[in-house]
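# Chains, contacts and geometry: an overview
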Number of protein chains: 2
Amino acid sequence: ECFAGTHLLIDVREAEGLDDIKHIDRTLRACVEAAGATLLSIDLHHFTPNGGVSGVAILAESHISIHSWPEYGYAALDVFMCGDAEPQKAVPVLKKAFRAGMVEVAEIRRGKGMVG
Amino acid sequence: ECFAGTHLLIDVREAEGLDDIKHIDRTLRACVEAAGATLLSIDLHHFTPNGGVSGVAILAESHISIHSWPEYGYAALDVFMCGDAEPQKAVPVLKKAFRAGMVEVAEIRRGKGMVG
């Protein structure tokens, strides 16, 4: 099957550390490394008053994004990677880093039929 | 129904201008304006040799991402917005800007049950 990339929609619930921008920066970098991807840039924004963080790591293989709502212990992440990277390897990194009680993952293949 | 945000997965096919980073920058800004969202930062990367562009606009309401494969006339976009923004309004902007023969949109509500 030919497609452009694998896109994981990851919902992290009952989680901690979602208002800690340095921890989130470290965690996204750890995801990039676990997946065997290449980081091009990372840009995180911290919101007031809830402490939520929105940001994206742009990769040679696509991107990882996060939007966190620390007051609900919830974060929505996307891990989108093409090529030989292994996006699924980011999931246990996220679960551990945020001490998440629940992690839901939906996998979508983007650009089906694009190549070939 | 309570949820964190509306996430549109948009696949643009038979499209033009996908190797033009300035055009993509302008188009993402037009999407932000059409949706009534607030731009915090925008970061686009141009790849060689295919001319593809990867990048993200981070918004006060979440983000818009794009990954383009100009050699296939294909781009994968995500428009993720929470609050009062109207992400659906980005779809006709993208269709017109890239003269797309086909635009597929999947709508996912992220963080169901998070609030309330």
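What this report covers is the structure whose coordinates are included nearby. Because the structure is predicted, anything quoted here is derived from the model rather than measured.

### With respect to unusual backbone geometry
Residue and element names in this part refer to chain A. Following Thr48, the chain continues to Pro49 via a peptide bond in cis, the omega torsion being 0°. Within the secondary structure, Pro49 is located in the loop between β2 (39–46) and β3 (53–59). At Ser62, a residue that is not glycine, the phi angle is positive and equals roughly 130°. Counting through the fold element by element, Ser62 comes out in strand β4 (residues 62–69). You can call Ser62 buried: its relative accessible area is 2%.

### Concerning the relation of the copies chain B and chain A
Of the two same-sequence chains, chain B is brought onto chain A (RMSD 0.0 Å, axial shift 0.0 Å) by a rotation of 180°. Seen this way, the second copy is the image of the first under a two-fold rotation axis. Residues of chain B ranked by C-alpha distance from the rotation axis are headed by Val56 of chain B, positioned 3.7 Å from it. Mapped onto chain A, 100% of the interface residues of chain B again fall at the interface, so both copies present the same surface.

### Brief notes about the pairing of strand β5 (residues 74–81) of chain A
Regular strands place side chains that alternate from one sheet face to the opposite one. All names here are of chain A. Here β5 lies mainly inside the structure; eight of its eight residues are buried. With burial as the criterion, each face of β5 is covered, one bearing Tyr74, Ala76, Asp78 and Phe80 and the other bearing Ala75, Leu77, Val79 and Met81. Pairing analysis gives seven bridges linking strand β1 (residues 5–13) to β5, with the strands arranged antiparallel. Along β5, the bridge assignment pairs Thr6 with Met81. Taking the residues between adjacent antiparallel strands as the criterion, β4 and β5 are bridged by four residues, where Gly73 takes a positive phi near 65°.

### Quick word on the packing of helix α1 (residues 21–35) of chain A against helix α2 (residues 90–97) of chain A
How two helices sit against one another is set out by the angle between their axes and by the gap between those axes. Residues and elements named next belong to chain A. Where α1 meets α2, the axes come as close as 8 Å, and the angle between the chain directions of the two elements is 155°. On the basis of the axis angle, α1 is roughly antiparallel to α2. As for the relative orientation of α1 and α2, their crossing is right-handed in sense. Between α1 and α2, the residues in contact are His23, Thr27, Ala30, Cys31 and Ala34 and Ala90, Val93, Leu94 and Ala97, respectively. Within the contact of α1 with α2, the residues separate by chemical class into seven nonpolar, two polar and no charged.

So, how was this worked out
- Residues numbered from 1 in each chain as written.
- Chains lettered and ligands numbered in written order.
- Predicted model: local features only at pLDDT ≥ 70, side-chain atom pairs only at ≥ 80, totals over all residues.
- Heavy atoms only, no water.
- Helix = DSSP H or I, 4+ residues; strand = E, 2+ residues; numbered from the N terminus.
- Buried < 20%, exposed > 50% of the residue type's maximum accessible area, 1.4 Å probe, protein only.
- Least-squares fit on C-alpha atoms with pLDDT ≥ 70 in both.
- Contact = heavy atoms within 4.5 Å.
- Pairing = 2+ DSSP bridges.
- Axes fitted to C-alpha atoms, helices over the stretch in contact; angles between N-to-C directions.
- Parallel < 35°, antiparallel > 145°, perpendicular 65-115°, else oblique.
- Left-handed = near helix turned anticlockwise from the far one by under 90°.
- Nonpolar A, V, L, I, M, F, W, Y, C, P; charged D, E, K, R; others polar.

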